[in-house]
Amino acid sequence: KMQQAALTYMANHLIGEEEIKKLNKVFKELDVDNNGKLSKEELIAGYKLCEEVFQGKLTIQELEEIFEAADADNSGEIDYSEWLIAAANK
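Numbering of residues begins from 1 in every chain and follows the order in which that chain's sequence is written. Side-chain atom pairs in this predicted model are given and counted only at pLDDT of 80 or more, local residue features only at pLDDT of at least 70, and totals for whole chains, interfaces and linings cover all residues. Excluding hydrogens and water, the side-chain figures rest on all heavy atoms present in the structure.

Draft legend 1. The packing of aromatic side chains, seen in detail. Geometry of aromatic contacts follows a simple scheme: Phe, Tyr and Trp rings, the Trp one being its six-membered ring, pair when their centres are within 6.5 Å, and the pair is stacked under 30 degrees between planes, edge-to-face over 60, tilted otherwise. A full pass over the atoms with the stated rule returns two aromatic pairs. These aromatic residues form a ring-pair network of at least three members: Phe 27, Tyr 80 and Trp 83.

Below you can see the structure in the form of structure tokens.
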């Protein structure tokens, strides 16, 4: 938990305030069940909804790899801290 808090703090300082606002909005839109975490299914469904916005199409396998990389604690879900950390590492 302490490591996660430290990483979140660093991510907050690496990402600008406006970017954090955008990331927060996207996270909330993807979190369909409003549990504060993103499932793999929510991430994939969200990508499919706005697929035309992305310049290159990602495969389901690529989306799963992104999910696995972002799920730092291997819980099977991406919490907001992991979301920010992943964005800072993009």
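Draft legend 2. Geometry of helix H5 (residues 80-88). Taken residue by residue, H5 has Ser 81, Glu 82, Trp 83, Leu 84, Ile 85 and Ala 87 as its buried positions. Here a polar contact means two N or O atoms within 3.5 Å. Within protein one must be a hydrogen donor candidate and the other an acceptor candidate, and residues neighboring in sequence count only if both atoms are side-chain atoms. Only DSSP runs of H or I with at least four residues qualify as helices, and only runs of E with at least two residues qualify as strands; both kinds are numbered from the N terminus onward. The opening residue of H5 is Asp 79, an N-cap whose side-chain oxygen sits 3.1 Å from the backbone nitrogen of Ser 81. With a 1.4 Å probe rolled over the protein chains alone, any residue whose accessible area is under 20% of its type maximum counts as buried; one over 50% counts as exposed, and the rest are partly exposed.

Draft legend 3. Highlighting a negative patch on the surface. Grouping into patches uses exposed residues only, defined as over 30% relative accessible area, and leaves out salt-bridged ones; the cut-off is 9 Å for like charges and 5 Å for nonpolar side chains (Val, Leu, Ile, Met, Phe, Trp, Tyr). Reported accessibility uses the Shrake-Rupley method at a 1.4 Å probe radius. Residues are deemed covered only where the shown protein chains occlude them. Salt bridges are identified by distance alone: a Lys or Arg side-chain nitrogen within 4 Å of an Asp or Glu carboxyl oxygen. For the purpose of counting charges, residues Lys and Arg are taken to be positive, whereas Asp and Glu are taken to be negative. His and the chain ends are not included. By convention, the charge on Lys lies at NZ, on Arg at CZ, on Asp at CG and on Glu at CD. Residues Glu 41, Glu 62, Glu 64 and Glu 65 make up a contiguous surface patch of negative charge. Counting residues per element, the negative patch draws most heavily on helix H4 (residues 60-70), which supplies three residues. Position of Glu 41 relative to the elements: it lies in helix H3 (residues 40-49). What makes Glu 41 exposed here is its relative accessible area of 57%.

Honestly, that's just the spatial picture; any functional story needs more than this.
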